[in-house]
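Okay, here's what each chain looks like letter by letter:
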Amino acid sequence: MSIVLRKVLHRYRIPLIVHQYSLQQTFADRLQETSTSKNINIQRQCYHQSTTLQLSSEKKSSTISQLNTKDDNGVDTSNTDTDTFASTTYKLKQSLTDNKNTINIKDRVKIIPLQDGIIHVLLSRPSKLNSLDLPMFHAIAEAASILKNDTTLNKNMRVVIISGEGRAFCTGLDAKSVALSGPKSALNELLERPSPYGGKDGVGNLAQDVCYLWR
């Protein structure tokens, strides 16, 4: 019996050890592969994070650069040379100061000739947010008529810029002022056709000509 058992052990001992070694080696290889895969994944994550941070930094720098290329009026000057930028900003702030050539109409509208054929028309009733009372209607229509007929002003005129003085361009009709001036008389003044500013071929009334005459 002992001889048979010894033969059996002798016969199966080596394959058992080999098989056990093979399992241990396979497990070690798997551990090594797993560790290598983790290292690769960590490297990939680090690379992607680094790339993302780099792109984010570049985007931030680009945004800051774009912001730095805008002037106080929000005009983009990134692709504009100094001379072009100076001519396109028109220096409207300077036109708000005293100008010897300024034409003041009824203390409601100012015509301010600038350089390079540019005319600045300024609605000037800031205390009422440039709302339209009857004098404002007349002043706007008169300003348009002057620019149309005055050859000294319109000889080299290329563009007219209309803006409002103060914090609003225009808040619309000053209903209270128009009503106090007499509803019927104010209505007749606004709707009488043609208005005195449209010339001999005029067809619009005063309410229409404040827009129509700027064609």
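Residues numbered from 1 in each chain as written. Predicted model: local features only at pLDDT ≥ 70, side-chain atom pairs only at ≥ 80, totals over all residues. Heavy atoms only, no water.

1. Focus: the overall build of the protein
Along the protein, the regular secondary structure elements total eight helices and four strands. Listing each helix as α and each strand as β along the protein from the N terminus yields α-α-α-β-β-β-α-α-β-α-α-α. Residue burial in the protein is summarised as follows: out of 215 residues, 24% are buried. Carbon together with sulfur atoms contributes 55% to the accessible area of the protein, which is approximately 16,100 Å² in total. (Helix = DSSP H or I, 4+ residues; strand = E, 2+ residues; numbered from the N terminus. Buried < 20%, exposed > 50% of the residue type's maximum accessible area, 1.4 Å probe, protein only. Areas by Shrake-Rupley, 256 points an atom, 1.4 Å probe, with all protein chains shown as cover.)

2. A look at unusual backbone geometry
Backbone geometry follows two general trends: most residues other than glycine have a negative phi, and most peptide bonds adopt the trans configuration. Here the amide bond leading from Arg193 into Pro194 is cis, since omega sits at -10°, within 30 degrees of zero. Mapped onto the secondary structure, Pro194 falls in the loop between α7 (183-191) and α8 (206-212). Unusually for a residue other than glycine, Asp107 sits at a positive phi of about 55°. With respect to the secondary-structure elements, Asp107 resides in the loop between β1 (103-105) and β2 (109-113). Positive phi, close to 60°, is recorded for Asp116, a residue that is not glycine. When you line up the elements, Asp116 lands in the loop between β2 and β3 (118-123).

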